[in-house]
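# Examining the three-dimensional arrangement
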Amino acid sequence: LLRQKSNFVVLEGLLSTLLGEDVVIVRILESEDKFNPVDVLAENDKGELVIIKVQNNRELDYFHRMLYGRSKTVTEYIHEGEKYGTIKKIYSVNIIYFSLGQGKDYVYHGKTQFRGIHFDDILKLSTRQREQFVKQEANDIFPEYYVLRVNEFDELAKTPLDQWIYFLKTGEIDEHATAKGLPEAREKLRIDRLSPSEKSQYYAHMEALRYQKSVIETGWIEGHADGRAEGIAEGKAEGRAEGIAEGQNLEKRQIAANLKKQGLPIEIIANCTGLSPEEIADC
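These notes cover the structure that comes with them. (Residues numbered from 1 in each chain as written. Predicted model: local features only at pLDDT ≥ 70, side-chain atom pairs only at ≥ 80, totals over all residues. Heavy atoms only, no water.)

Okay, the overall build of the protein next. Counting its secondary structure elements, the protein contains nine helices and six strands. Expressed as a percentage of the 283 residues in the protein, the buried residues total 36%. Sequence-distant contacts in the protein: of pairs separated by 6 or more residues, those separated by 24 or more amount to 55%. Split by element, the accessible area of the protein, about 17700 Å² in all, is 52% carbon and sulfur. (Helix = DSSP H or I, 4+ residues; strand = E, 2+ residues; numbered from the N terminus. Buried < 20%, exposed > 50% of the residue type's maximum accessible area, 1.4 Å probe, protein only. Contact = heavy atoms within 4.5 Å. Areas by Shrake-Rupley, 256 points an atom, 1.4 Å probe, with all protein chains shown as cover.)

Buried residues dominate strand E6 (residues 144–149), accounting for six of its six residues. Both faces of E6 are covered, namely the face carrying Glu144, Tyr146 and Leu148 and the face carrying Tyr145, Val147 and Arg149. One ladder, built from six bridges, connects strand E4 (residues 90–96) with E6; its direction is parallel. The partner of Asn94 across the bridge, within E6, is Val147. Examined bridge by bridge, strand E5 (residues 107–111) and E6 share five bridges and lie antiparallel to one another. Residue pairing across strands places Tyr108 opposite Val147, the latter belonging to E6. (Pairing = 2+ DSSP bridges.)

With that settled, the discussion passes to helix H8 (residues 266–273). Among the residues of H8, those classed as buried are Ile269, Ala270 and Thr273. Looking straight down H8, one finds that the buried residues subtend no more than 100° of arc, so they occupy a single side. Exposed residues pointing more than 90 degrees away from the buried face of H8 are listed as Glu267 and Asn271. Gly274, located one to two residues past H8, shows a positive phi value of around 85°. (Arc of directions from axis to C-beta.)

Turning our attention to the nonpolar core. Where a protein is soluble and globular, its nonpolar side chains tend to be buried together. Counting residues in each nonpolar core, the largest one holds 34 residues, and the members touching the most others are Leu11, Leu15, Leu18, Ile52, Val93 and Leu148. Put simply, the parts of the chain that give this core at least two residues each are helix H1 (8–19), strand E1 (25–29), strand E2 (40–44), strand E3 (49–55), E4, E6, helix H4 (160–170) and helix H5 (182–192). Per-element accounting of this core gives the leading share, six residues, to H1. Ranked by size, the runner-up nonpolar core spans nine residues in total, among them Val215, Ile269, Ala270 and Ile280. (Core = buried A, V, L, I, M, F, W, Y, C linked by side-chain atoms within 4.5 Å.)

This paragraph deals with unusual backbone geometry. One non-glycine residue, Asp120, lies in positive phi territory at about 55°. Structurally, Asp120 can be placed in the loop between E5 and helix H3 (127–133). Taking relative accessible area as the criterion, Asp120 reaches 49% and is therefore assigned partly exposed.

The subject of this paragraph is the packing of aromatic side chains. Inspection of the entire model under this criterion finds four aromatic pairs. Centroid distance Tyr106 to Phe153: 5.0 Å. Interplanar angle 75°. Geometry classified as edge-to-face. Taken together, the residues span a long stretch of sequence, with Tyr106 in the loop between E4 and E5 and Phe153 in the loop between E6 and H4 at a distance of 47 residues. Taken individually, Tyr106 and Phe153 each receive the classification buried, so the pair is uniform in this respect. Their ring planes at 55° and their centres at 5.4 Å tell us that Phe114 and Phe142 sit as a pair that is tilted. Highlighted residues: Phe114 in the loop between E5 and H3 and Phe142 in the loop between H3 and E6, separated in sequence by 28 residues. (Phe/Tyr/Trp six-rings, centres within 6.5 Å; stacked < 30°, edge-to-face > 60°.)

The grouping of Phe114, Leu123, Phe133, Ile141 and Phe142 at the surface amounts to a nonpolar patch, some 400 Å² of accessible area in total. Note that Leu123 resides in the loop between E5 and H3. (Patch = residues over 30% accessible without salt bridge, like charges linked within 9 Å, V, L, I, M, F, W, Y side chains within 5 Å. Salt bridge = Lys/Arg side-chain N within 4 Å of Asp/Glu carboxyl O.)

Now for the pattern of salt bridges. If the charged atoms of two oppositely charged side chains come close together, the side chains can form a pair. Tallied over the entire structure, the rule returns ten salt bridges. A salt bridge links Lys46 to Glu21, with the nearest nitrogen and oxygen atoms 2.6 Å apart. Taken together, the positions of Lys46 in the loop between E2 and E3 and Glu21 in the loop between H1 and E1 put the pair 25 residues apart, joining distant regions of the chain. For Lys46, a relative accessible area of 52% puts it in the exposed group. Residue classification places Glu21 among the partly exposed residues on the basis of a relative accessible area of 31%. Here Asp22 makes a salt bridge to Lys180, at a shortest N to O gap of 3.5 Å. Taken as a pair, Asp22 in the loop between H1 and E1 and Lys180 in the loop between H4 and H5 lie far apart in primary sequence, 158 residues in all. Ionic contacts of the salt-bridge type, sharing partners, join the residues Arg27, Glu43 and Lys88 into one network.

This is the structure:
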């Protein structure tokens, strides 16, 4: 569901909820690392990379694998000879379905932080560095890690993030869930769970709606242009007010005529134009 390029809104919902900011996915990227496949590798509108890894099998050295994978990604997305300042910020989101580490929480966030050993202050970037890289602290440059220990979640979904964790654990979306991306995910799952015949009927219906909208839009545009031209001509001859009124009527009739040529039912044409069935019959 998250990997499909047509479901950007779902992926954006998960990441926005997790990172606490609106995330816009620009594209899904292919990983060049064939030995450590990435489930989802995306680029957001800031040029940052977001990696989502789903791990089902237990690995004692999974933390090391996270480090290795992100290090590989850093080198993959900087070209030979490029300056270091072009290295992309990386967010690593690990959805884990086994017991990893030891802790009470089910969502952990890790980032590199430079803290003074004498004054306990956080190392920030210089003024020129902040202007150059549009970041505040040194740790804003380094990868950030999120570990979602899905199996450790056994509470009620009280927050938007909890709603997402509940979905990742159970595969179900509560009817009252409103977290960003979940309503769209719910609809995608509903379609996926249809029988082959039902799914075929659904797509045929959606295609018919798409065609119908296209025909209506075409008829409206062409009718608007023709009606406007005729209305202007008549307006010059008979007076502006009467010409505008007549032009509007001619526009509607032209739209109706175009829609009739496309074979649309009289009821739909009437709803689109406001003309009566009798008026449509004369078009």
